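If you want the building blocks of each chain, they are given just below.
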Amino acid sequence: MPADSSAAAIVALDPAWRPAATESLRLAAAGDGVLYLLTSPSGGGGSSSGSAPSLRRLTLATGEEEVLELSRVSATPAGLFADPHSSTSVLIAHANGDTVYVHRSRSRVLGKARGLLITAVAWLRPDPSRSDTREVLLGSSSGAIFEAALEPTRTSRYRQLFTLSPPAPLCGLAAEPFVSQGAPDDKR
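Cut-offs used in this document
- Residues numbered from 1 in each chain as written.
- Predicted model: local features only at pLDDT ≥ 70, side-chain atom pairs only at ≥ 80, totals over all residues.
- Heavy atoms only, no water.
- Pairing = 2+ DSSP bridges.
- Helix = DSSP H or I, 4+ residues; strand = E, 2+ residues; numbered from the N terminus.
- Axes fitted to C-alpha atoms, helices over the stretch in contact; angles between N-to-C directions.
- Phe/Tyr/Trp six-rings, centres within 6.5 Å; stacked < 30°, edge-to-face > 60°.
- 1 Å grid on protein atoms, 1.4 Å probe; cavity = no way out; pocket = protein on both sides within 12 Å on 5 of 7 lines; lining within 4 Å.
- Points joined across faces, edges and corners; volume = space filled by probe spheres on them.
- Nonpolar A, V, L, I, M, F, W, Y, C, P; charged D, E, K, R; others polar.
- Salt bridge = Lys/Arg side-chain N within 4 Å of Asp/Glu carboxyl O.
- Buried < 20%, exposed > 50% of the residue type's maximum accessible area, 1.4 Å probe, protein only.
- Core = buried A, V, L, I, M, F, W, Y, C linked by side-chain atoms within 4.5 Å.
- Contact = heavy atoms within 4.5 Å.

Strands sit in the order S9-S10-S11-S12 across an open sheet of four strands; the sheet is antiparallel. At either end of the open sheet lies a strand with only one pairing partner, and these are strand S9 (118-123) and strand S12 (155-163). On average, each strand axis in the sheet is tilted by 25° relative to the strand beside it, whichever way the strands run.

This is the structure:
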């Protein structure tokens, strides 16, 4: 189907944005009104080359770019998962099984998920009364599904829900909260 040159662009980024000459774009993910770009030094996949990857948050409406501080992990980034319901949360999965959670401008390694290679994430809609808490389902390369409640400084809930049999990597997850008949409105 030919492109309609008179149609307005859905997303417009400054065409001059590029990784620095010494960087390579490794991963990208879109959140609510933002684009996350993970870059690493050219010629290396992560901090094994002596320099850590950089995470940039580009605000689509304004073109503003913010470089976010990352917890140092000495492994190659393997996945980038942005919260589609907010512009403040993203998970970075690493090949060694470490996962970094970034909320606003702070980051931390998810200690409870250490050793788990995250391959899929489903972000539940945020609860307005708990704006700093993100509830997620995490899918792993071994076919396990976990639920977690992520807060800026801790993981308040983390438990395994299910494992595929036979084990197989999960490549996508979706979650839709529902209210069962007769349950209070706040039950998921």
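This brings us to the packing of aromatic side chains. Throughout the structure, instances matching the rule amount to one aromatic pair. For the ring pair phenylalanine 146 and tyrosine 158, a centre distance of 5.1 Å and an interplane angle of 10° mean the geometry is stacked. One end of the pair, phenylalanine 146, is in strand S11 (residues 144-150); the other, tyrosine 158, is in strand S12, with twelve residues separating them in the sequence.

This part covers empty space enclosed by the protein. Inspection of the entire model under this criterion finds three cavities of 30 Å³ or more. Estimates place the volume of the largest cavity at around 70 Å³. Along the lines of polarity and charge, the residues of the lining of the largest cavity split into eight nonpolar, two polar and one charged.

Under the criterion given, the structure shown has ten salt bridges. Taking the shortest distance from any N to any O, the salt bridge between aspartate 98 and arginine 114 comes out at 3.0 Å. Highlighted residues: aspartate 98 in the loop between strand S6 (89-94) and strand S7 (99-103) and arginine 114 in the loop between strand S8 (106-109) and S9, separated in sequence by 16 residues. A relative accessible area of 12% means that aspartate 98 is categorised as buried. The class for arginine 114 is exposed, based on a relative accessible area of 52%. In this structure, glutamate 135 engages arginine 157 in a salt bridge whose closest nitrogen and oxygen atoms are separated by 3.0 Å. Placement of the pair is glutamate 135 in strand S10 (residues 134-140) and arginine 157 in strand S12, with a sequence separation of 22 residues. Connected via shared salt-bridge partners are Glu135, Glu147, Arg157 and Arg159.

This brings us to the sheet that holds strand S1 (residues 23-30). In spatial order, the strands read S1-S2-S3-S4; together these four strands make up an open sheet with antiparallel pairing. Each edge of the sheet is formed by a strand with only one pairing partner; in this case those strands are S1 and strand S4 (65-68). Averaged over all pairs of adjacent strands, the angle between their axes in this sheet comes to 25°, without regard to strand direction. Across seven bridges, S1 lies against strand S2 (residues 34-41) in antiparallel orientation. Across the sheet, residue alanine 29 finds its bridge partner in S2, namely tyrosine 36.

A separate point is the nonpolar core. Formed by 16 residues in total, the largest nonpolar core has its most connected members in Leu91, Val121 and Leu138. Elements with a minimum of two residues in this core: S6, S9, S10 and S11. Apart from the residues within four sequence positions on either side, leucine 91 is in contact with Gly79, Leu80, Phe81, Thr99, Val100, Tyr101, Leu110, Val121, Trp123, Leu138 and Leu150. If you look at the next biggest cluster of nonpolar residues, it comprises 15 residues, including Leu27, Val34, Tyr36 and Val73.

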